[in-house]
Amino acid sequence: MFDAYVRLMDLVHKACLWCAGIGIIVISLIIPWGVFTRYVLQKGSQWPEPMAILIMIVISFVSAAVCYRDNLHIGVMMLPNALTGAPRVMLGLVIELLMLATNLFMLVWGLELVRTTWNQTIAEFPTLSVGITYLPIPVGGAIVSLFVIERIWSGRYFQSASDDAVAAAPTE
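This is a predicted model, so every value here is computed, not measured.

What counts as what
- Residues numbered from 1 in each chain as written.
- Predicted model: local features only at pLDDT ≥ 70, side-chain atom pairs only at ≥ 80, totals over all residues.
- Heavy atoms only, no water.
- Phe/Tyr/Trp six-rings, centres within 6.5 Å; stacked < 30°, edge-to-face > 60°.
- Helix = DSSP H or I, 4+ residues; strand = E, 2+ residues; numbered from the N terminus.
- Buried < 20%, exposed > 50% of the residue type's maximum accessible area, 1.4 Å probe, protein only.
- Axes fitted to C-alpha atoms, helices over the stretch in contact; angles between N-to-C directions.
- Left-handed = near helix turned anticlockwise from the far one by under 90°.
- Contact = heavy atoms within 4.5 Å.
- Nonpolar A, V, L, I, M, F, W, Y, C, P; charged D, E, K, R; others polar.
- Expected span 1.5 Å × (residues − 1).

Quick notes on the packing of aromatic side chains
Applying the stated criterion across every chain, the model contains four aromatic pairs. Note on Trp33 and Phe36: the rings are 5.7 Å apart at their centroids and 35° apart in plane angle, and the pair reads as tilted. With Trp33 and Phe36 both in helix H1 (residues 2–39) and three residues apart, the pair spans about one turn of that helix. The class for Phe36 is partly exposed, based on a relative accessible area of 37%. Relative to Trp109, the ring of Phe105 lies with its centre 6.5 Å away and its plane at 45°, an arrangement referred to as tilted. Linking Phe105 with Trp109, this pair stays in helix H4 (residues 85–117), spanning four residues, or about one helical turn.

Some remarks on the packing of H1 against helix H6 (residues 136–154)
Running from amino to carboxyl end, H1 crosses H6 at an angle of 145°, the nearest separation of the two axes being 11 Å. As for how H1 packs across H6, the hand of that crossing is left-handed. Seen from H1, the contacting residues are Phe2, Tyr5, Val6, Met9, Val12, His13 and Cys16; seen from H6, they are Ile143, Leu146, Phe147, Ile149, Glu150, Trp153 and Ser154. Residue composition of the contact of H1 with H6, by class: eleven nonpolar, two polar and one charged.

Section: H4
With 33 residues, H4 should reach 48 Å at 1.5 Å per residue; the first-to-last C-alpha distance of 48 Å fits that figure. Within the sequence span of H4, burial applies to Gly92, Glu96, Leu100, Asn103, Gly110, Val114 and Thr117. Packed against the buried residues of H4 are helix H2 (48–69), strand S2 (125–129), helix H5 (130–134) and H6.

What follows is the structure, encoded as structure tokens:
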């Protein structure tokens, strides 16, 4: 059962990577369009900048989930490195439970935010619901919660990022 869950999380992880990568490509295409229309055509398009912001929000939440699973997030290791055995495992479990609580908060209250703002629209995109723009909050919370469950289930706390994950991470 655990192996099937890990394979499913591998697919979710890969989907997040693809989503972030496609988002960066789209931003890289629409921002130059905005610059071109503003400075060459002398009539700026109104949509590229707000669209890039909305895409960046999605990229931020799915990338955060990827970084969490790959252990690329910032972590202070002074206390865990000072502990061994059961105290270290308990600290890891407490930290993961706090991560789970934080992300469940994002899921529950993010869904409430989406529901509350669903019938509002964005000035630049009158057909786009404000609720949709807030959807990355509960989705990100749900994805990281699934990754936290995987880590708790495996019992692998305080692992260093793999060499592959570090090599794939941009440094600039």
